[in-house]
Amino acid sequence: QRFGIKEEDMQFQQAKFVASYGTYAQIPPCDSIEVAFAGRSNVGKSTLINRIFQRKALARVSSVPGKTATINFYRVDPLTVVDLPGYGYAKVAKSEKERWSGLISGYLAADRDLRLILLLIDMRHKPSKDDLQMIEFLVEAELPFLIVLTKADKLNKTERAKRMEAFQTEIPYFSQIHIIPFSAITREGVEDVQAVLEEIAADSEDSEPEDDASAQ
């Protein structure tokens, strides 16, 4: 048992792809609690989702960065997992960038039961301008988020320590943000992300009877 929920209560491998949407207007109303994954193109978002849900191809990994131009919905009871389009890829038309931006901002600004955003940042590099804009947006909107530092296996111990120290000044509020180092290769961080999702699922189930009672 971890975070107050039994391991068997959340069947990660039973996650199912629900639908993809190209514009915000296509997205149906919220019907469950939601958790969203965000990050720039090529940060390893699809790979992370596949690792978390113990599937090889639940999320399609594109060989072309910036190709994930849709907002993708997955279901693993009792959560809906939302994969936001990768941002920040330079080699696309301005109109495409505007469409992605509209998808991301439209979703995040909507009145949905969004419990957490997991923002993925490549541990090897200084956060991009887009990463910093996303962090500022989430802070100003008072949306709950944590940061997953991907590709942790690409750094040796010394390089990793230097990057973690640099993040203290590169990322605003870094010391106040829950940070999870992650590697799809070594599986570091997989159980940490799963535990966060389990905790959100447990909180939602604990709160349901109270909602029912107050509705009567």
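Now for a quick tour of the structure. What you see is a predicted model; the values in this text were computed from it and never measured.

## Let's talk about the sheet that holds strand S6 (residues 145-150)
Okay, so step 1: If you trace the 7 strands from one edge of the open sheet to the other, you get S1-S3-S4-S2-S5-S6-S7, paired in mixed fashion. Two strands bound the open sheet, and with one partner strand each, they are strand S1 (16-21) and strand S7 (179-181). Put simply, the sheet's adjacent strands are angled 20° from each other on average, direction ignored.
Okay, so step 2: Pairing geometry for strand S5 (residues 114-122) and S6, over 6 bridges, is parallel. Among the inter-strand pairings, Ile121 is bridged to a residue of S6, identified as Leu149.
Okay, so step 3: Packed on one face of the sheet, helix H1 (residues 45-52) meets strand S2 (33-39), strand S4 (79-83), S5 and S6 and runs near 140° to S2.

## Details of the pairing of S2
Okay, so step 1: Counting buried residues in S2 gives 7 out of 7 residues, a clear majority hidden from the surface.
Okay, so step 2: By the alternation rule, side chains of S2 split into Ile33, Val35, Phe37 and Gly39 and Glu34, Ala36 and Ala38, which are all buried.
Okay, so step 3: Note: S2 against S4, 5 bridges, orientation parallel. Residue Phe37 lies in a different strand from S4, and its bridge partner there is Asp83.
Okay, so step 4: Alignment of S2 against S5, held across 6 bridges, turns out to be parallel. Across the sheet, residue Ala36 finds its bridge partner in S5, namely Ile117.

## Brief notes about the side chain of Glu34
Okay, so step 1: Note that Glu34 resides in strand S2.
Okay, so step 2: Polar contacts involving the side chain of Glu34 include one to the side chain of Arg112, which spans 2.9 Å.
Okay, so step 3: Apart from the residues lying within four places of it in its own chain, the contact partners of Glu34 are Phe73, Thr80, Val82, Tyr107, Arg112, Asp113, Leu114, Arg115 and Leu116.

Definitions and limits used
- Residues numbered from 1 in each chain as written.
- Predicted model: local features only at pLDDT ≥ 70, side-chain atom pairs only at ≥ 80, totals over all residues.
- Heavy atoms only, no water.
- Pairing = 2+ DSSP bridges.
- Helix = DSSP H or I, 4+ residues; strand = E, 2+ residues; numbered from the N terminus.
- Axes fitted to C-alpha atoms, helices over the stretch in contact; angles between N-to-C directions.
- Contact = heavy atoms within 4.5 Å.
- Buried < 20%, exposed > 50% of the residue type's maximum accessible area, 1.4 Å probe, protein only.
- Polar contact = N/O pair within 3.5 Å; in protein donor to acceptor, adjacent residues only side chain to side chain.

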